[in-house]
Amino acid sequence: MFSFSRLVKGRAGVAVALFVCFLTLVSARTFTGEYLHGIDVSRYQKEVDWRNVKDSNINFAFIKATEGDFLKDPYFDRNWEHSRQHGIKRGAYHFFLPWVDADQQLAHFKRNVVLQPGDLAPVLDIETFAQDVSDAQMRQNIRRWLEGAEAHYGVKPIIYTYQGFYDRKLRGHFAGYRFWIARYKNEEPSTHPSDKMAFWQYSEKGIVNGIEAPVDVNWFYGDLAALNALCVPKLPVSSAGAIAQKEAF
């Protein structure tokens, strides 16, 4: 995933075709059972042709919504609506900045993202740290965002990170949450026994019809019923949670 605050790096090497990635990883997979294929997008993919994406055997898409307490992905509204129109199960993610107040970041996300029944749980993208924020304080702030999002949307959020950051900062500290972990080079992510992994981002160089730029490609460890279990419920957990999504912040 990408942060607006990062410098844009030049592309290196040749993008790996989605089909080639799929075949390579199927031969290397160590897990059993069903799985689903999906992508995640941000402004770096620009205008996505979601009709062609749907025809490329893509089952779900995570879409960048916000970052920090004021940045919004300029393509979010378009991606959010067009993915829905073409029947792709969608989810929104927030890029967490540890030096910014967690409550303000959550309020910013809620202002911009209204989840409907059947949408995937909100995702908190955690992959940066601040020298003046201790690991313990950062985890406390992360938990504050997660718990606030769950109270608001009525579904437990998903945590995204990459393997190295997970090992150093998050491993074993968020029992009960589902993880989405980036790890490339045909190596599945490794997790603490108390942590549950739902998604594996296995490449950042996928090629998908309808998207001109390389795109992150992911596996979900489960079938459609299991994926639906991670979505906003058809009936809100509480009427207060349903009403809260409509409030202005």
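Values in this document were obtained by computation on a predicted structure and should not be read as measured data.

Comments concerning the pattern of salt bridges
Alright, step 1. Overall, the coordinates contain 10 salt bridges when judged by the stated rule.
Alright, step 2. Close ionic contact of Glu 150 with Lys 156 constitutes a salt bridge, the shortest N to O distance being 3.3 Å.
Alright, step 3. With a relative accessible area of 34%, Lys 156 lands in the partly exposed category.
Alright, step 4. Here Glu 187 and Arg 183 are joined by a salt bridge, their closest N and O atoms 3.3 Å apart.
Alright, step 5. According to the relative accessible area criterion, Glu 187 is partly exposed, its value standing at 41%.
Alright, step 6. Accessibility expressed as a relative area gives 23% for Arg 183, which makes it partly exposed.

Some thoughts on unusual backbone geometry
Alright, step 1. Although it is not a glycine, Asn 57 adopts a positive phi angle of roughly 60°.
Alright, step 2. Relative to the helices and strands, Asn 57 is located in the loop between helix H2 (50-54) and strand S2 (60-67).
Alright, step 3. Look at Asn 57 and you get exposed, because its relative accessible area is 58%.
Alright, step 4. Backbone geometry places Asn 186, a non-glycine residue, at a positive phi of 60°.
Alright, step 5. The topology assignment puts Asn 186 in the loop between strand S7 (178-182) and strand S8 (196-206).
Alright, step 6. Relative accessible area serves as the criterion here: at 40%, Asn 186 is assigned to the partly exposed category.

Looking at the packing of helix H4 (residues 102-112) against helix H5 (residues 135-153)
Alright, step 1. Contact pair H4 / H5: the axes reach a minimum separation of 9 Å and the direction vectors enclose 35°. For H4 against H5, the interelement crossing comes out right-handed. Judged by residue contacts, Ala 102, Asp 103, Gln 105, Leu 106, Phe 109 and Lys 110 of H4 engage Asn 141, Arg 144, Trp 145, Gly 148, Ala 149, His 152 and Tyr 153 from H5.
Alright, step 2. For the contact of H4 with H5, the residue count by class is six nonpolar, four polar and three charged.

Focus on the environment of Arg 178
Alright, step 1. Summarising the element assignment, Arg 178 is placed in strand S7.
Alright, step 2. Non-local contacts of Arg 178, meaning those with residues more than four positions away in its chain, are made with Ile 158, Ile 159, Lys 196, Ala 198 and Leu 230.

What about the confidence of the model for the protein chain?
Alright, step 1. On average, residues of the protein chain carry a pLDDT of 86, and 81% of them reach 70 or more.
Alright, step 2. Low pLDDT, under 50, characterises residues 4-32; the stretch is placed with 50 contacts to residues that sit more than four places away or in other chains.
Alright, step 3. Within the model, the stretch residues 238-244 combines pLDDT values under 50 with five contacts to residues more than four positions away or in other chains.

Examining the pairing of strand S6 (residues 158-162)
Alright, step 1. Extensive coverage of S6 is indicated by the burial of four of its five residues.
Alright, step 2. A crossover links strand S5 (residues 123-125) with its parallel partner S6, the connecting element being H5, and its sense is right-handed.
Alright, step 3. Note: S6 against S7, five bridges, orientation parallel. Directly across from Ile 158, in S7, lies its bridge partner Arg 178.
Alright, step 4. In terms of handedness, the path from S6 via helix H6 (residues 163-170) over to S7 forms a crossover that is right-handed.

Reading the values: the criteria
- Residues numbered from 1 in each chain as written.
- Predicted model: local features only at pLDDT ≥ 70, side-chain atom pairs only at ≥ 80, totals over all residues.
- Heavy atoms only, no water.
- Salt bridge = Lys/Arg side-chain N within 4 Å of Asp/Glu carboxyl O.
- Buried < 20%, exposed > 50% of the residue type's maximum accessible area, 1.4 Å probe, protein only.
- Helix = DSSP H or I, 4+ residues; strand = E, 2+ residues; numbered from the N terminus.
- Axes fitted to C-alpha atoms, helices over the stretch in contact; angles between N-to-C directions.
- Left-handed = near helix turned anticlockwise from the far one by under 90°.
- Contact = heavy atoms within 4.5 Å.
- Nonpolar A, V, L, I, M, F, W, Y, C, P; charged D, E, K, R; others polar.
- pLDDT = per-residue confidence, 0-100.
- Right-handed = clockwise from strand over helix to strand, strands pointing away.
- Pairing = 2+ DSSP bridges.

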